[in-house]
Amino acid sequence: MEIKRSNRKTLSIEVTKDARIIVRAPYSLPLSEIKKLVEHKSDWIEKHIKKQQEKQPNHAAPNQKLTAEQIKVLAEQARQIIPKRVKYFAEKLHITYGRITIKNQKTLWGSCSDRGNLNFNCLLMLAPPKVLDYVIVHELCHRRQMNHSKQFWHEVEKALPDYKVWEEWLKENGAELISKSFRSPLG
């Protein structure tokens, strides 16, 4: 827990994206009072820490490149998980698709060809499961709309009403995941 004091009149508690606790307090508030108030809000704090941790990628060391072996493991996980999730959402949305390919890509999380073939980045295995679902739904919806029109986003929203949260997560964290990629024979 980090305490930041200022000329403010009230106490506030923030759980940051990296699940740290920042308490902003007036200079005049004794440390014992701050601790007492933080303890009183412990359930709220735990809930928000858990929420932030769920949004975090499933990797340990920042800026550490993955080895070729780790990429192979991620690709194998993706081959086990992604086809099942694609099938689930395709049935839910009544959408057909062609072949599914798993790659280690530098820029794309997924793609859909005009023939209905789907490609997915194995690095999605490092993201929260809801991010994977978002990318799958996004690509499947291209089977109906090969663009990013209002109709396309409406299709995505029908399947995943909270898709914007996960799209934002990918915008904020995707570059970090991609930067971990070791260029391997997978793509």
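Because the structure is predicted, anything quoted here is derived from the model rather than measured.

S.K.: Just give me the short version of helix α6 (residues 163-179), but keep the residues and values in it.
M.R.: In this model, α6 (17 residues) spans 24 Å end to end at C-alpha, consistent with the 24 Å of a helix rising 1.5 Å per residue. A maximum bend of about 50° is found in α6 at Asn-173. Turning to α6, its buried residues number three or more, namely Tyr-163, Trp-166, Glu-167, Trp-169, Leu-170, Asn-173, Gly-174, Leu-177 and Ile-178.

S.K.: Describe the packing of helix α4 (residues 129-141) against α6, listing the residues and the values that go with them.
M.R.: Two numbers describe how α4 lies on α6: the axes approach to 9 Å, and their chain directions differ by 100°. Compared by their axis directions, α4 and α6 come out roughly perpendicular. Between α4 and α6, the residues in contact are Lys-130, Val-131, Tyr-134 and Val-135 and Tyr-163, Trp-166, Glu-167, Trp-169 and Leu-170, respectively. In the contact of α4 with α6, the residues fall into seven nonpolar, no polar and two charged.

S.K.: Would you mind going over the nonpolar core in detail, with residue names and values included?
M.R.: Among the nonpolar cores identified, the biggest contains 41 residues, and Ile-82, Phe-120 and Tyr-134 are the most heavily contacted of them. Here this core gets nine residues from one element, more than from any other, and that element is helix α3 (residues 68-93). Those residues within four positions of Phe-120 in sequence are excluded, and the remaining contacts are Ile-82, Val-86, Ile-100, Thr-101, Ile-102, Lys-103, Gln-105, Trp-109, Gly-110, Val-135, Ile-136 and Glu-139. Counting residues in each nonpolar core, the second largest holds 11 residues, with Val-15, Ala-19, Val-23 and Ile-45 among its members.

Scoring rules and cut-offs
Residues numbered from 1 in each chain as written. Predicted model: local features only at pLDDT ≥ 70, side-chain atom pairs only at ≥ 80, totals over all residues. Heavy atoms only, no water. Helix = DSSP H or I, 4+ residues; strand = E, 2+ residues; numbered from the N terminus. Expected span 1.5 Å × (residues − 1). Bend = angle between axes of the 7 residues up to and from the residue. Buried < 20%, exposed > 50% of the residue type's maximum accessible area, 1.4 Å probe, protein only. Axes fitted to C-alpha atoms, helices over the stretch in contact; angles between N-to-C directions. Parallel < 35°, antiparallel > 145°, perpendicular 65-115°, else oblique. Contact = heavy atoms within 4.5 Å. Nonpolar A, V, L, I, M, F, W, Y, C, P; charged D, E, K, R; others polar. Core = buried A, V, L, I, M, F, W, Y, C linked by side-chain atoms within 4.5 Å.

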